[in-house]
Amino acid sequence: MKFIAFSVRTDEEKYFAEWSQKNNIEVKLVKEALTSENLELIQGFDAILALQTGFYPAQLFEKAQEYGIKSFAIRNVGVDNVDLRSAFANHVIVTNVPAYSPTAIAEFSVTLLLQLLRKTEIFRQRNAVQDFRWEGNIGKEIHDLTVGVIGTGRIGKAAISIYRGFGAKVIAFDPYQDKELAASGIYVDSREEVYQQADVITLHMPASPKDKHLIDKHAIELMKDGVYLINTARGTLIDTQALLDGLDAGKIAGAGLDTYENESPLFNHDLRGQKIIDPLFNQLMERDDVLVTPHVSFYTETAVKNMVNFSLDSAKSVIETGTASSIVEAN
Ligand code: COI
């Protein structure tokens, strides 16, 4: 059995090596992402391991079938970038890592909020530290706020527990309610109620095509004045132009974005010395009331270790038994 892993970072290498040794399975590590340009690299392997760094189209799965590859193991949770129908049609089993560390993402989302509420980016600048120019940047405390969590899967639940620890009032919406949370009376009946009641709105839901631009002009109009928006889920959930308009109008007080709707050509590329031609992104980057991070909320030691080990275990299981605990079905 031989596996090939793409988009491998240095910090993942030791986990791959350990697993490979323990299981006596060769895993070839490739730094580059898997794209239509290097598809031929998959030939001769039994399983492909990849990350959410680009789109994985039908062409990939057709090739995989041609080469007899049965397993496509994503090392992360979201599969919105995988042509699942084509994988299914080509008899390639797609697996993901559903719970590598929900707290990694939840903690990062709270970090973004804290930075916005306490204006840390502004206080870190020279004029605040050395020139006594920090007045006017007064903060807010989380226990005074109502936090609205949209999406109460593993990550949303972890975020809820942190916010409750801070003493915030937390409300939530999810069409699929968690029993335990429901018993605590956290759910409101609609997203609109979250928009109307929350001082902070934090997104923890997957992105399906129907939820593209869920947070649009209309949703923003329903929100409270001075709302904070946090998105560590998927960029397509927010209409960036509507967000910028909301910020300009003072409707939105700040946004913490670990993801951006047109992020694929930007994040995970070394763009040093290159001019970024994306007016929406450039506007986000220029603002003090927006924090943009390059889709790194997952990036902790615990999460990375679990992502590597779990995805490899899934690939092995698919090859050996034809199934795994985390198969992603096409719907
Ligand atoms: C996921 O797990 O789906 C993420 O968003 C993180 C990943 C891109 C590394």
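Reading guide: rules and limits
Residues numbered from 1 in each chain as written. Predicted model: local features only at pLDDT ≥ 70, side-chain atom pairs only at ≥ 80, totals over all residues. Heavy atoms only, no water. UniProt positions renumbered as here; feature names shortened; annotations may be inferred. Near = heavy atom within 4 Å. Polar contact = N/O pair within 3.5 Å; in protein donor to acceptor, adjacent residues only side chain to side chain. Areas by Shrake-Rupley, 256 points an atom, 1.4 Å probe, with all protein chains shown as cover. Nonpolar A, V, L, I, M, F, W, Y, C, P; charged D, E, K, R; others polar. Axes fitted to C-alpha atoms, helices over the stretch in contact; angles between N-to-C directions. Helix = DSSP H or I, 4+ residues; strand = E, 2+ residues; numbered from the N terminus. Left-handed = near helix turned anticlockwise from the far one by under 90°. Contact = heavy atoms within 4.5 Å. Buried < 20%, exposed > 50% of the residue type's maximum accessible area, 1.4 Å probe, protein only. Phe/Tyr/Trp six-rings, centres within 6.5 Å; stacked < 30°, edge-to-face > 60°. Lys NZ or Arg CZ within 6 Å of the ring centre and 35° of its normal.

You'll find the chain entered in an unreviewed UniProt entry as D-lactate dehydrogenase, with Ligilactobacillus salitolerans given as the organism. Recorded in UniProt under Sequence similarities (unreviewed entry), the annotation for the chain is "Belongs to the D-isomer specific 2-hydroxyacid dehydrogenase family."

## As for the site of the ligand
The ligand sits among Gln52, Asn76, Val77, Gly78, Tyr100, Arg234, His295, Phe298 and Met307. In the environment of the ligand, an oxygen atom lies 3.1 Å from a nitrogen or oxygen atom belonging to the side chain of Asn76. One of the side-chain nitrogen or oxygen atoms of Tyr100 is found 2.5 Å away from an oxygen atom of the ligand. Taken by itself the ligand offers 280 Å² of open surface, and the protein chains cover 93% of this. When the residues that make up the shell around the ligand are grouped by side-chain class, the tally is 4 nonpolar, 4 polar and 1 charged.

## Some thoughts on the packing of helix 1 (residues 10-23) against helix 13 (residues 301-321)
One way to put it is that helix 1 packs onto helix 13 with a least axis distance of 9 Å and a crossing angle of 35 degrees. Like other packed secondary-structure pairs, helix 1 and helix 13 cross with a definite hand, here right-handed. The segment helix 1 lies against helix 13, with Asp11, Glu12, Tyr15, Phe16, Trp19 and Asn23 engaging Glu301, Val304, Lys305, Val308, Asn309, Leu312, Asp313 and Lys316.

## Concerning the side chain of Arg75
By the element assignment, Arg75 lies in the loop between strand 4 (71-74) and helix 3 (84-89). Note on Arg75: relative accessible area 0%, which makes it buried. Engagement of the side chain of Arg75 in a polar contact is seen with the side chain of Glu12, the distance being 2.9 Å.

## A look at the packing of aromatic side chains
According to the stated counting rule, one finds 6 aromatic pairs in the structure shown. Taking the centre distance of 5.2 Å and the plane angle of 85 degrees together, the rings of Phe61 and Phe72 count as edge-to-face. Placement of the pair is Phe61 in helix 2 (residues 58-66) and Phe72 in strand 4, with a sequence separation of 11 residues. With a relative accessible area of 0%, Phe72 lands in the buried category. Against the face of Phe45 rests Lys2, its NZ or CZ located 5.1 Å from the ring centre.

## With respect to the environment of His91
Structurally, the position occupied by His91 is in the loop between helix 3 and strand 5 (93-95). Linking His91 and Ile171, residues 80 residues apart in sequence, is a C-alpha distance of 42 Å. Leave out the neighbours within four places in its chain, and His91 touches Gln65, Ile69 and Lys70.

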